[in-house]
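Observations on the model geometry
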Amino acid sequence: MNEQKTIFITGTSSGLGKLTAKYFAENGWNVAATMRTPEKETELTAYENIRVFRLDVTNPDQVKTATEQAIRAFGKIDVVLNNAGMGTYGALELAKEEDIDWQFAVNTRGPINVIRAFLPHFRANGGGMFINVSSFMGVTTAVPLGSLYNMSKFALEGLIEGLYYELKPLNIELRLIEQGGSKGNNFQESIVWNTHPEITAYDGLTEKLRSIMAGADDSQLDDPMEIVNVIHSLATRETNQFRNVIGSTGNQLMQLRHSLPIEEYMDTMRSYF
Ligand SMILES: NC(=O)c1ccc[n+]([C@@H]2O[C@H](COP(=O)([O-])OP(=O)(O)OC[C@H]3O[C@@H](n4cnc5c(N)ncnc54)[C@H](OP(=O)(O)O)[C@@H]3O)[C@@H](O)[C@H]2O)c1
């Protein structure tokens with residue numbers, strides 16, 4: 001008989017995290033579903049094989065507690081999905097100091113906190129897997145005013161690729177998900193926009209970007225179940241691809257990025273704005 005596997009997921013209050021938690025639970029996995037405000041959750045708590053724990057990935061005490069709680073509840077964690085993330089957009093000059101730090105704290109330092117908390121457990125078990133939700137904006141640039149988000153996901157990419165060499169000898173696997181905009185999440189609503197009442201130099205670009213983002217209808221957005229299915233096939237080791245570019249926009253961009261010298265790629269991107 002197959003042993004029941006367990007996945008630990010960050011950021012399960014909405015979007016991809018919630019969908020992945022439900023899919024894994026419905027496919028026989030135990031799920032440690034973590035979120036900042038578990039008191040608001042009603043859907044995931046209805047599943048017998050999902051346990052919900054409080055976790056803000058920027059809070060080291062909560063990372064320690066949630067890790068211990070999940071291990072205590074399920075005995076063994078097989079896969080950790082670093083999914084929690086948010087975007088800070090707008091001109092760097094206009095960004096508040098705390099928003100710059102927060103972007104890094106959630107998208108980059110958060111996964112570092114979670115990975116470090118689980119390494120002793122994975123070493124003791126003789127292995128494990130960290131799947132990390134990045135973005136196509138972690139492997140290429142695509143929009144103006146996205147530099148802070150790019151920074152956070154590019155840094156995540158470097159972290160995970162670097163760790164590959166360190167953890168492979170311990171049978172600890174690392175995977176990256178490079179997704180684009182998908183349906184059914186709160187990502188856009190949660191964006192922190194850098195603005196300044198007196199500096200207008202970036203207004204044109206900002207308006208253009210905001211209108212492109214707001215105008216993206218469902219036909220331009222990817223089906224999040226495609227992403228969930230890739231996460232599942234990585235967790236079950238049906239596939240072992242390190243970088244997983246998912247969705248039409250991401251794949252088109254990556255093709256363009258690889259087919260052109262960087263200057264031509266950037267000129268092409270710029271021509272859209
Ligand atoms: N949607 C896109 O366009 C897109 C594109 C490429 C990559 N991504 C990446 O996909 C991942 C999932 O995002 P999504 O699309 O599903 O958007 P989402 O619906 O906004 O989900 C993001 C999740 O992260 C959580 N989160 C934010 N800050 C957190 C923190 N400090 N600690 C713990 N959890 C935190 C949010 O929880 P709260 O409810 O508490 O805020 C939410 O559950 C993110 O890493 C994002 O960067 C998204």
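Our structure is the block above this text.
Let us look at the structure shown here. These numbers were taken from a predicted model, which means no experiment stands behind them.

**Thoughts on the overall build of the protein chain**
- A tally of helices and strands in the protein chain yields 8 helices and 9 strands.
- Its C-alpha atoms give the protein chain a radius of gyration of 19 Å, within 12% of the compact-globule value 19 Å for 273 residues.
- If you line up the protein chain on its principal axes, its C-alpha atoms span 60 × 40 × 35 Å.
- Split into buried and exposed, the 273 residues of the protein chain put 47% on the buried side.
- Of the contacts made within the protein chain by residues no fewer than 6 positions apart, 68% connect residues no fewer than 24 positions apart.
- By element, 50% of the accessible surface of the protein chain is carried by carbon and sulfur atoms, the whole surface being about 13400 Å².
- Side chains of the protein chain carry 24 positive and 33 negative charges; the gap between the two charge centres is 7 Å.

**Comments concerning the packing of helix H3 (residues 97-125) against helix H4 (residues 147-167)**
- Relative orientation of the contacting elements H3 and H4 amounts to 20 degrees, with a least axis distance of 8 Å. By the angle between their axes, H3 is roughly parallel relative to H4. At the point where H3 passes H4, the crossing takes the right-handed sense. For the pair formed by H3 and H4, the contact residues are Ile 100, Gln 103, Phe 104, Asn 107, Thr 108, Pro 111, Ile 112, Ile 115 and Leu 119 on the first element and Leu 148, Tyr 149, Met 151, Ser 152, Lys 153, Ala 155, Leu 156, Leu 159, Ile 160, Leu 163 and Leu 167 on the second.
- Looking at the contact of H3 with H4 residue by residue, the class counts come to 15 nonpolar, 4 polar and 1 charged.

**Details of the site of the ligand**
- Residues in close proximity to the ligand total 27 residues, the closest being Ser 13, Ser 14, Arg 36, Asn 83 and Tyr 149.
- Here an oxygen atom of the ligand sits 3.1 Å away from a polar atom, N or O, in the main chain of Gly 11.
- Here Asn 185 contributes a side-chain N or O atom positioned 3.3 Å from a nitrogen atom of the ligand.
- Coverage of the ligand by the protein chains reaches 91% of its 890 Å² of free accessible surface.

**With respect to the side chain of Asn 132**
- With respect to the helices and strands, Asn 132 occurs in strand S6 (residues 128-133).
- Of note is the side chain of Asn 132, whose polar atom sits 2.9 Å from the side chain of Asn 82.
- When residues no more than four places from it in sequence are discounted, the contact partners of Asn 132 are Asn 82, Ile 115, Ile 160, Leu 174, Arg 175, Leu 176 and Ile 177.

**Quick look at the packing of aromatic side chains**
- Following the criterion strictly, the structure yields 10 aromatic pairs and no others.
- Between Tyr 89 and Trp 193 the ring centres are 6.0 Å apart and the planes differ by 45 degrees, which places this aromatic pair in the tilted class. Of this pair, Tyr 89 sits in strand S5 (residues 88-89) while Trp 193 is found in strand S8 (residues 192-193), placing the two residues 104 residues apart along the sequence. Summarising the burial analysis for this pair, Tyr 89 and Trp 193 share the class buried.
- Here the aromatic cluster, defined as three or more aromatic residues joined through ring pairs, consists of Phe 8, Phe 118, Phe 122 and Phe 130.
- Geometry around Tyr 265 places Arg 257 over its ring, the cationic atom sitting 5.5 Å from the centre.

**Considering helix H5 (residues 203-215)**
- For H5, which comprises 13 residues, the first-to-last C-alpha distance of 18 Å matches the rise-based estimate of 18 Å (1.5 Å per residue) to within 8%.
- Looking only at H5, the buried set comprises Thr 206, Leu 209 and Met 213. Each buried residue of H5 lies within a common arc of 70 degrees when the element is viewed along its axis, so the set occupies one face. Facing away from the buried surface of H5 by more than 90 degrees, the exposed residues are Gly 204, Glu 207 and Ala 214.
- Contacts from the buried residues of H5 go to S5 and S8.

**Examining the pattern of salt bridges**
- Summed over the entire model, instances satisfying the criterion amount to 12 salt bridges.
- As a salt-bridge pair, Arg 54 and Glu 39 come within 3.0 Å of each other at their nearest N and O atoms. One end of the pair, Arg 54, is in strand S3 (residues 50-54); the other, Glu 39, is in the loop between strand S2 (30-35) and S3, with 15 residues separating them in the sequence.
- Owing to a relative accessible area of 55%, Glu 39 belongs among the exposed residues under this scheme.

**A look at the environment of Ala 124**
- Take Ala 124: it is sitting in helix H3.
- For Ala 124, a relative accessible area of 67% translates into the label exposed.
- In this structure, the C-alpha to C-alpha distance between Ala 124 and Leu 170, residues 46 residues apart in sequence, is 9.9 Å.

Thresholds, definitions, all that
- Residues numbered from 1 in each chain as written.
- Predicted model: local features only at pLDDT ≥ 70, side-chain atom pairs only at ≥ 80, totals over all residues.
- Heavy atoms only, no water.
- Helix = DSSP H or I, 4+ residues; strand = E, 2+ residues; numbered from the N terminus.
- Rg over C-alpha atoms; globule rule 2.2 N^0.38 Å.
- Buried < 20%, exposed > 50% of the residue type's maximum accessible area, 1.4 Å probe, protein only.
- Contact = heavy atoms within 4.5 Å.
- Areas by Shrake-Rupley, 256 points an atom, 1.4 Å probe, with all protein chains shown as cover.
- Lys, Arg positive; Asp, Glu negative; His and termini not counted.
- Charge placed at Lys NZ, Arg CZ, Asp CG, Glu CD.
- Axes fitted to C-alpha atoms, helices over the stretch in contact; angles between N-to-C directions.
- Parallel < 35°, antiparallel > 145°, perpendicular 65-115°, else oblique.
- Left-handed = near helix turned anticlockwise from the far one by under 90°.
- Nonpolar A, V, L, I, M, F, W, Y, C, P; charged D, E, K, R; others polar.
- Near = heavy atom within 4 Å.
- Polar contact = N/O pair within 3.5 Å; in protein donor to acceptor, adjacent residues only side chain to side chain.
- Phe/Tyr/Trp six-rings, centres within 6.5 Å; stacked < 30°, edge-to-face > 60°.
- Lys NZ or Arg CZ within 6 Å of the ring centre and 35° of its normal.
- Expected span 1.5 Å × (residues − 1).
- Arc of directions from axis to C-beta.
- Salt bridge = Lys/Arg side-chain N within 4 Å of Asp/Glu carboxyl O.

Any functional reading would require information beyond the geometric quantities listed.
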